[in-house]
Amino acid sequence: MTTPQQEPAGPHATRDRLIDAISAHGPITARQLAERFELTSAAVRRHLALLEADGVIEEHEVPVAHRGRGRPSKTFVLSKAAHEKLPGGYDELAVLAVAELARRGGEDAVAQLAARRIADWESALSAEVERREAAGERITRSRRIELLAELLTDRGYATTVRPLHVPLPTAGGRPGEIPRTLVTAQLCHGRCPVLDVAADHPELCEAESELISRIIGAPVQRLATLAQGAHVCTTHIPLTEGRTS
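Description of the structure in this document. (Residues numbered from 1 in each chain as written. Predicted model: local features only at pLDDT ≥ 70, side-chain atom pairs only at ≥ 80, totals over all residues. Heavy atoms only, no water.)

Structural notes on the overall build of the chain
When helices and strands are counted, the chain shows nine helices and seven strands. By residue count, 32% of the 245 residues in the chain fall in the buried class. Relative to all contacts within the chain whose residues are 6 or more apart in sequence, the contacts with residues 24 or more apart total 58%. Summed over all atoms, the accessible surface of the chain reaches about 15400 Å², with 52% contributed by carbon and sulfur. (Helix = DSSP H or I, 4+ residues; strand = E, 2+ residues; numbered from the N terminus. Buried < 20%, exposed > 50% of the residue type's maximum accessible area, 1.4 Å probe, protein only. Contact = heavy atoms within 4.5 Å. Areas by Shrake-Rupley, 256 points an atom, 1.4 Å probe, with all protein chains shown as cover.)

Points about the environment of Gln221
For Gln221, the position within the fold is in strand E6 (residues 221-224). Between the alpha carbons of Gln221 and Glu210 there is a distance of 9.2 Å; along the sequence they are 11 residues apart. Ignoring any residue separated from it by four or fewer positions in sequence, one finds Gln221 in contact with Thr234, Thr235 and His236.

Side note on the packing of aromatic side chains
Under the counting rule described, the total for this entry stands at one aromatic pair. Note on Trp121 and Tyr157: the rings are 5.6 Å apart at their centroids and 90 degrees apart in plane angle, and the pair reads as edge-to-face. Taken together, the residues Trp121 in helix H6 (residues 120-134) and Tyr157 in the loop between helix H7 (141-154) and strand E4 (159-168) connect sequence positions 36 residues apart. Per residue, the accessibility class of Trp121 equals that of Tyr157, and both read buried. (Phe/Tyr/Trp six-rings, centres within 6.5 Å; stacked < 30°, edge-to-face > 60°.)

Digging into H6
The end-to-end C-alpha distance of H6, which contains 15 residues, comes to 21 Å, matching closely the 21 Å that a straight helix rising 1.5 Å per residue would cover. Residues of H6 that are buried: Trp121, Leu125, Val129 and Arg132. Buried residues along H6 cover an arc of 65 degrees about the axis, so they all sit on one side. Away from its buried face by more than 90 degrees, H6 exposes Glu130 and Ala134. Residues of H6 that are buried make contact with H7 and helix H9 (203-216). Where H6 ends, the next residue or the one after it, Gly136, has phi of about 100 degrees, a positive value. (Expected span 1.5 Å × (residues − 1). Arc of directions from axis to C-beta.)

So, the layout of surface pockets
What the largest pocket holds in volume is close to 210 Å³. For the largest pocket, the full set of lining residues is Thr29, Ala30, Arg31, Arg45, Leu48, Ala49, Glu52, Ser73, Lys74 and Phe76. Secondary structure elements with two or more residues in the lining of the largest pocket: helix H2 (30-37) and helix H3 (41-53). Of all the elements, H3 adds the most residues to the lining of the largest pocket, at four residues. When its residues are assigned to classes, the lining of the largest pocket shows four nonpolar, two polar and four charged. (1 Å grid on protein atoms, 1.4 Å probe; cavity = no way out; pocket = protein on both sides within 12 Å on 5 of 7 lines; lining within 4 Å. Points joined across faces, edges and corners; volume = space filled by probe spheres on them. Nonpolar A, V, L, I, M, F, W, Y, C, P; charged D, E, K, R; others polar.)

Digging into the packing of H2 against H3
Running from amino to carboxyl end, H2 crosses H3 at an angle of 120 degrees, the nearest separation of the two axes being 9 Å. Where H2 crosses over H3, the handedness of that crossing is right-handed. Here Ala30, Leu33 and Ala34 of H2 lie close against H3, whose contacting residues are Ser41, Val44, Arg45 and Leu48. Across the contact of H2 with H3, the residue classes break down as five nonpolar, one polar and one charged. (Axes fitted to C-alpha atoms, helices over the stretch in contact; angles between N-to-C directions. Left-handed = near helix turned anticlockwise from the far one by under 90°.)

Focus: the pairing of strand E3 (residues 75-78)
Alternating positions in E3 separate into two faces, Thr75 and Val77 on one and Phe76 and Leu78 on the other, with burial throughout. Pairing of strand E1 (residues 28-29) with E3 involves two bridges; the strand directions are antiparallel. Residue Thr29 lies in a different strand from E3, and its bridge partner there is Thr75. Of the pairings in the sheet, the one linking strand E2 (residues 57-59) to E3 comprises three bridges and is antiparallel in character. In the sheet register, Ile57 faces E3, and the bridge partner there is Leu78. (Pairing = 2+ DSSP bridges.)

Thoughts on a negative patch on the surface
Together, Glu107, Asp108, Glu206 and Glu210 make up a negatively charged patch on the protein surface. Broken down by secondary-structure element, the contributors of at least two residues to the negative patch are helix H5 (90-117) and H9. The residue Glu210 is located in helix H9 in this model. In this structure Glu210 comes out as exposed when scored by relative accessible area, which is 56%. (Patch = residues over 30% accessible without salt bridge, like charges linked within 9 Å, V, L, I, M, F, W, Y side chains within 5 Å. Salt bridge = Lys/Arg side-chain N within 4 Å of Asp/Glu carboxyl O. Lys, Arg positive; Asp, Glu negative; His and termini not counted. Charge placed at Lys NZ, Arg CZ, Asp CG, Glu CD.)

Looking at the pattern of salt bridges
Applying the stated criterion across every chain yields a total of 13 salt bridges. Across the pair Glu35 and Arg31 runs a salt bridge, and its minimum N-O distance is 3.4 Å. Within this pair, Glu35 and its partner Arg31 are both found in helix H2, separated by four residues, close to a single helical turn. The residues Glu35 and Arg31 share a single accessibility class, namely exposed. Between Glu208 and Arg222 there is a salt bridge, with the nearest N and O atoms lying 3.4 Å from each other. With Glu208 in helix H9 and Arg222 in strand E6, this pair connects stretches of sequence that are 14 residues apart. Taken together, the shared-partner salt bridges connect Glu128, Arg131, Arg132, Glu137, Arg143 and Glu146 into one network.

In short, the description is geometric, and any link to function would need to be established separately.
Written as structure tokens, this is what we have:
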């Protein structure tokens, strides 16, 4: 008879093996997992407790009609959040779906889909601006851009704001003349949730730029996109023309 091992591999390797087994064979008990991997029950329960605390797995509720006498053993399955993180071919399906939409309805249909996908950005930001203004905060255009970046980060874009000050040439170059400075900002997305689709359908990027322009209340220009091979999506936003000393 094989003696159960404490840890046949590193903790991360053991964790990954348990996740794979729960995914394929769940609902499954700690005892069954211990037997499958020749681990001690204590070692398996320690890993399961950590996985459950991290939201990777969850206890499976056994229907009352299927319960036997006595206290049923705990069984585990992957959580919904874990399933959403696993590769499942959704990107490929989305690419095919949008391609079929374009084939049947043309570019206008894709443009309408692109606009609809992000339609709630404006209402969500307006609600946040109203909440902050009610609390006494003054929302400038620069602050609105910052709040938009926070919103987009929550939507999976990993967005940051990079302020820029561009010196403008003076007309006469007279001594003592205070130079003018154009204050701008760049809204940068480090990730794109629809990258695979946007690579074939720039309408998605165009819809985002149009909506950002409407939200900010200023014309904007998309300088680079991840879909085109850049390391970040960059949108140029003019702010104000000021003076520096």
